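Notes for the structure review
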Amino acid sequence: MENARSSPSTAGADIAAIRQSVAALCARFPGEYWRKLDRERAYPTEFVRALTEAGFLGCLIPEAYGGSGLGLSAAAAILEEVHKSGCNGAACHAQMYIMGTLLRHGSPAQKAQYLPGIASGELRLQAFGVTEPSAGTDTTSIRTTAKRQGDRYLVNGQKVWTSRAEHSDLMVLLARTAPRERAKKRSDGLSLFILDMREAKGRGLTIRPIRTMMNHSTTEVFFDNVAIPAENLVGEEGEGFRYILSGMNAERILIGAECVGDAKWFIAKAVEYARSRIVFDRPIGQNQGVQFPIAKAYAQMRAAELMVRQAALLFDSGAECGAEANMAKMLAAEASWAAAEACLQTHGGFGFAEEYDVERKFRETRLYQVAPISTNLILSHLAEHVLGLPRSY
Ligand SMILES: Cc1cc2nc3c(=O)[nH]c(=O)nc-3n(C[C@H](O)[C@H](O)[C@H](O)COP(=O)(O)OP(=O)(O)OC[C@H]3O[C@@H](n4cnc5c(N)ncnc54)[C@H](O)[C@@H]3O)c2cc1C
């Protein structure tokens, strides 16, 4: 992409320096590293350790708690760079943002207890237990219950797609504390807890890995009378749904940034191959049929990048950014998929060979049109909340 214009800077020299040091770190984890893990469906322990030790995963935690107190624009630059380098942040990106719920809604005692350990990486908070098999996207119909019994809650039920649960000490868990039928609003009666999985494992908590088409360390989690101390309730009982919504904008923006990084990786890889592969005595990239899908993906990526940056700037300024965060995630996931498709097609048969890394990244980037929220649900959010169309569900 030598002739492509450089991306607009959002926060000046600091972010440029962060990008450089992330890229240098990622260079230590080349394609062979990720290929081996992918084959074995293994967790990238060394990569996560390197990001942790460099302080990148604690970047959103205020300095008072041992983090670097940076904004979401910086966090987005870190994750974009990880993906642009061919690495994958899915193994640990949640360590950056799940704590946001605790930071915004936790008590001073909870923050003092957990945030310094999360900032140093000594405590891993990267499991977010929301989705359930029978509820799907309709979070307000989850069935996992937490019943108060003296100074603790007893949790019963099941979560699905709880990523990184096997590689996390803590989980932020959403459970029903009052029956849906008794609630005034569908979203009332849900509460948020910090679950210490180290204590709960073997005491009613069972984690089972789910093998997926890409290496993602995701699981299903079963709760059988799992006890959580009452002091681990985050904020007010019954307000949990509202609390998770505030964290979702950060998650969507950061995943949008990862998709922009993926798109950049695919585009660079496609351009390099299109220039060097000679068929019919000329580089395949001389054919417009090969050029145009790559050029189109580039334009889509640039547009998505602007939306991700706009959303991150709004988030950092404390402004409302729900629509932008959703659009950023949707546009970036579509751009990364367009770039993946162009890259694979440009590589012809070699796109399917493991050693080129294209097929692996192709599988990895597809997820983001479904998780953490699917495209249809983003479109219905925009239709209803931005355009004022009638609610469809
Ligand atoms: C690899 C992976 C990791 C994940 N990690 C986590 C995690 O760590 N924590 C967690 O809580 N969850 C996690 N999830 C869950 C993820 O957020 C959900 O899969 C996603 O939100 C979609 O929900 P669903 O799978 O239940 O689909 P469903 O809700 O069953 O929807 C299925 C399809 O129907 C469409 N649909 C549903 N309702 C409507 C409607 N009203 N209008 C139009 N279309 C509709 C959806 O868009 C979707 O395409 C993960 C999922 C995956 C696959």
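This structure is a prediction, so every number in the text was calculated from the model and none was measured.

What about the overall build of the protein chain?
- Along the backbone of the protein chain there are 13 helices and ten strands.
- Here the C-alpha atoms of the protein chain give a radius of gyration of 21 Å, agreeing with the 21 Å that 2.2 N^0.38 yields for 393 residues.
- Over its C-alpha atoms, taken along the principal directions, the protein chain stretches across nearly 80 × 50 × 40 Å.
- Counting only contacts in the protein chain whose residues sit at least 6 apart along the sequence, the fraction spanning at least 24 positions is 73%.
- In the structure as shown, the protein chain presents an accessible area of about 17,600 Å², 52% of it carried by carbon and sulfur atoms.
- Distance between charge centroids for the protein chain: 3 Å, based on 45 positive and 43 negative side chains.

Digging into the site of the ligand
- Around the ligand sit 19 residues, and of these Phe 128, Thr 131, Thr 137, Trp 161 and Ser 374 come closest.
- For the ligand, an oxygen atom lies 3.1 Å from a polar atom in the backbone of Val 130.
- For the ligand, whose accessible area on its own is 970 Å², the fraction buried by protein is 67%.

Quick look at the confidence of the model for the protein chain
- Counting all residues, the mean pLDDT for the protein chain is 96, and 97% of those residues have values of 70 or more.
- This stretch, residues 1-10, has a pLDDT under 50; its non-local contacts, to residues over four places away or in other chains, come to 19 contacts.

Observations regarding the nonpolar core
- Residues Phe 47, Met 96, Ile 118 and Leu 254 are the most contacted members of the largest nonpolar core, which totals 101 residues.
- The element contributing the most residues to this core is helix 9 (residues 240-276), with 19 residues.
- Apart from the residues within four sequence positions on either side, Ile 118 is in contact with Ile 61, Gln 95, Met 99, Leu 102, Leu 123 and Leu 125.
- Residues Ala 175, Val 221, Phe 223 and Ala 230 belong to the second largest nonpolar core, which totals 20 residues.

Observations concerning the pattern of salt bridges
- Per the counting criterion, the structure on display carries 22 salt bridges.
- Notably, a salt bridge pairs Glu 81 with Lys 84, separated by 3.8 Å at the nearest N-O pair. Remark: Lys 84 and Glu 81 occur in helix 4 (residues 72-84); sequence separation between them is three residues, near one turn of the helix.
- In this structure Glu 81 comes out as buried when scored by relative accessible area, which is 6%.
- In this structure Lys 84 comes out as partly exposed when scored by relative accessible area, which is 37%.
- Taken together, the salt bridges that share partners define one network made up of Arg 19, Glu 80, Glu 81, Lys 84, Lys 264, Arg 302, Glu 305 and Arg 309.

Some remarks on unusual backbone geometry
- In this structure, the amide linkage connecting Ala 371 to the following residue, Pro 372, adopts the cis form with an omega of 0°.
- Positive phi is not limited to glycine here, since Arg 41 has a value of about 50°.
- Here Arg 41 is to be found in the loop between helix 2 (31-40) and helix 3 (45-53).

Side note on the pairing of strand 7 (residues 218-229)
- Bridge count between strand 3 (residues 152-160) and strand 7: eight bridges; the pairing is antiparallel. Bridge pairing in strand 7 places Gln 158 opposite Phe 222.
- Alignment of strand 6 (residues 205-210) against strand 7, held across six bridges, turns out to be antiparallel. When the bridges of strand 7 are listed, Ile 207 appears paired with Val 221.

What about empty space enclosed by the protein?
- As enumerated under the stated definition, the model contains five cavities of 30 Å³ or more in all.
- By volume, the largest cavity amounts to about 110 Å³.
- Lining the largest cavity are Trp 34, Asp 38, Ala 42, Tyr 43, Pro 44, Asn 88, Ala 90, Ala 91, Asn 215, His 216, Ser 217 and Glu 364.
- Of the residues in the lining of the largest cavity, the class split is six nonpolar, four polar and two charged.
- If you add up the space inside the second largest cavity, you get close to 90 Å³.

Rules used throughout
- Residues numbered from 1 in each chain as written.
- Predicted model: local features only at pLDDT ≥ 70, side-chain atom pairs only at ≥ 80, totals over all residues.
- Heavy atoms only, no water.
- Helix = DSSP H or I, 4+ residues; strand = E, 2+ residues; numbered from the N terminus.
- Rg over C-alpha atoms; globule rule 2.2 N^0.38 Å.
- Contact = heavy atoms within 4.5 Å.
- Areas by Shrake-Rupley, 256 points an atom, 1.4 Å probe, with all protein chains shown as cover.
- Lys, Arg positive; Asp, Glu negative; His and termini not counted.
- Charge placed at Lys NZ, Arg CZ, Asp CG, Glu CD.
- Near = heavy atom within 4 Å.
- Polar contact = N/O pair within 3.5 Å; in protein donor to acceptor, adjacent residues only side chain to side chain.
- pLDDT = per-residue confidence, 0-100.
- Core = buried A, V, L, I, M, F, W, Y, C linked by side-chain atoms within 4.5 Å.
- Buried < 20%, exposed > 50% of the residue type's maximum accessible area, 1.4 Å probe, protein only.
- Salt bridge = Lys/Arg side-chain N within 4 Å of Asp/Glu carboxyl O.
- Pairing = 2+ DSSP bridges.
- 1 Å grid on protein atoms, 1.4 Å probe; cavity = no way out; pocket = protein on both sides within 12 Å on 5 of 7 lines; lining within 4 Å.
- Points joined across faces, edges and corners; volume = space filled by probe spheres on them.
- Nonpolar A, V, L, I, M, F, W, Y, C, P; charged D, E, K, R; others polar.

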